[in-house]
There are 2 protein chains.
Amino acid sequence: MGRWEPNAQGRLAQAALELYGERGFVQTTVAEIAKRAGLTERTFFRHFADKREVLFWGAAALQDLLVRTLDAVPVSAAPIDAVAVAIEAAAAEIQQGREFSGQRQAVIDANPELQERELIKLATLAAALAETLRRRGVTDPTASLTAEAGIAVFKVAFETWIADPTRLDFPQLIRQTLDELKKATAGGSFRP
Amino acid sequence: MGRWEPNAQGRLAQAALELYGERGFVQTTVAEIAKRAGLTERTFFRHFADKREVLFWGAAALQDLLVRTLDAVPVSAAPIDAVAVAIEAAAAEIQQGREFSGQRQAVIDANPELQERELIKLATLAAALAETLRRRGVTDPTASLTAEAGIAVFKVAFETWIADPTRLDFPQLIRQTLDELKKATAGGSFRP
């Protein structure tokens, strides 16, 4: 998620990602990550709970960005349009670290345990969007459904973006995927 | 999921659910579950990998029902309408065990570990629906988005149904929630 800062946390995350790619996530130890980053294990554990969390350290910042962006959209906007603005902002941020995102996804794809953690991350983001919509006066089930729809669009657009190196504009892909969702849920109009 | 069969598996599941409600999921042991069911621990492990899986033994049958029902809808139907038929069939099946569903949900709500497992279950069901749509000739991203939308509707409708004992018709609630999703994704039409 986002750009690397040349601080201890960033160096540890980069070292971890390199090692996960070279040796596999399961085989890599915290001692090896710390050594590669030129830091101690103690420093590692000051920044991360375990080697799995290195891959999810950007989740809190991503959630903040989604909530802040959503909150800044005028409440007169339709909820789905407000959520679209938020996930486009998240996509723009993620896009600045495309190489990191691709390496991270390769590690996650190779480890079911990490896929589960990724599902939890996405569910947490959906819950945060739904809660923000409710605070803005959107009632359920609309708040929950809009948040789930937004995260579904984010997930599917991310998979498309990361799978195809020629797809450079992730925010634009978010918008296209949302249009596809609108067509898909409307029904009937896209069959051959 | 569904009706109890008076076999060993059903007796074990019912005993487990009673104990999870009485003592809590974490505190309950497999030995206690087996004893309550009048069976041995060995029999328990013939049917379930662990005490967590007792709560998810219906997932495979639910997936079969979704896939079979979706496959039986004519391919001329719009994907979202075909998926709606499938999740309504799942809702009709689940509705026959409402008390079980309510007890199960209370246990899950009280245990983050179980909520994670439930997320994995829902993601697995979405993947199965998407794969079935692809086999029926629906291309991506429509297949993935339609499956995600269907599972989002299922999840939100289930929460509404289980939270309100006066909401008796779960399949009807699925249809209403899908209509809400259509309104929500269309945007603009449901704001005060």
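That block above? That's the structure.
Quick summary incoming for the structure in this document. Once a new chain begins, its residue numbering starts again from 1 and follows that chain's sequence as written. Chain letters start at A and ligand numbers start at 1, both assigned in the order the entries are written. pLDDT decides what is reported in this predicted model: residues at 70 or higher carry local features, side-chain atom pairs at 80 or more are listed and counted, and totals for whole chains, interfaces and linings draw on all residues regardless. As a convention, hydrogens and water are excluded, and side-chain values are obtained from all of the structure's heavy atoms.

**Some thoughts on the packing of aromatic side chains**
Under the convention used in this document: Working definition: a ring pair exists when centres of Phe, Tyr or Trp rings (six-membered ring for Trp) sit within 6.5 Å. Plane angles under 30 degrees give stacked, over 60 give edge-to-face, the rest tilted. Should the NZ of a Lys or the CZ of an Arg lie within 6 Å of a ring centre and within 35 degrees of the ring normal, that charge is described as sitting over the ring.
Evaluation of the coordinates by the stated rule reveals 18 aromatic pairs over all chains. Centroid distance Trp161 of chain B to Phe170 of chain B: 4.6 Å. Interplanar angle 10 degrees. Geometry classified as stacked. One aromatic cluster in this structure is built from Phe44, Phe45, Phe48 and Trp57 of chain A. Between Arg117 of chain A and the ring centre of Phe56 of chain A, over which it is positioned, the NZ or CZ distance is 4.4 Å. Looking at Arg98 of chain B, its charged tip hangs above the ring of Trp161 of chain B, at a distance of 4.5 Å from the centre.

**Considerations on the interface of chain A and chain B**
To keep things clear, this is the line we draw: In this analysis, two residues are considered to be in contact whenever any of their non-hydrogen atoms come within 4.5 Å of each other. Basic side-chain nitrogens of Lys or Arg form a salt bridge, by our definition, when they fall within 4 Å of a carboxyl oxygen of Asp or Glu. Counting of polar contacts relies on pairs of N or O atoms within 3.5 Å, with two restrictions inside protein: one atom must be capable of donating a hydrogen and the other of accepting it, and residues adjacent in sequence are counted only when both atoms are side-chain atoms. Secondary structure follows DSSP: runs of H or I at least 4 residues long count as helices, runs of E at least 2 residues long count as strands, and numbering of each begins at the N terminus. Gly counts as polar in this scheme, as do all residues outside two lists: the nonpolar Ala, Val, Leu, Ile, Met, Phe, Trp, Tyr, Cys and Pro, and the charged Asp, Glu, Lys and Arg.
Tallying the contact residues gives 33 residues for chain A and 33 residues for chain B. At the boundary of chain A with chain B, the tally comes to two salt bridges. One salt bridge connects Glu148 of chain B with Lys155 of chain A, and the closest N-O pair in it is separated by 2.8 Å. Where chain A touches chain B, the interface holds four residue pairs in polar contact (both at pLDDT 80 or more). With 10 residues, helix α8 (residues 142–163) of chain A is the single largest residue contributor to the side of chain A that touches chain B. Its residues placed into classes, the side of chain A that touches chain B shows 19 nonpolar, seven polar and seven charged.

**Observations regarding the pattern of salt bridges**
Residue and element names in this part refer to chain A. Stated formally: Using a 1.4 Å probe on the protein chains alone, a residue whose accessible area is under 20% of its type maximum counts as buried, one over 50% counts as exposed, and one in between counts as partly exposed.
A full pass over the atoms with the stated rule returns 28 salt bridges over all chains. Asp140 serves as the salt-bridge partner of Arg134, at 2.8 Å between the closest nitrogen and oxygen. With relative accessibility at 41%, the residue Asp140 sits in the partly exposed group. The network of salt bridges with shared partners includes Glu18, Glu22 and Arg36.

**Digging into the relation of the copies chain A and chain B**
Using the following cut-off: The superposition of copies rests on a least-squares fit of C-alpha positions from residues with pLDDT of 70 or more in both.
The transformation that overlays chain A on chain B combines an axial shift of 0.0 Å with a rotation of 180 degrees, and the residual RMSD is 0.0 Å. The superposition operator between the copies reduces to a two-fold rotation axis. With an isologous cut-off of 70% or more, the 100% of interface residues of chain A that recur at the interface of chain B puts this contact in the isologous class.

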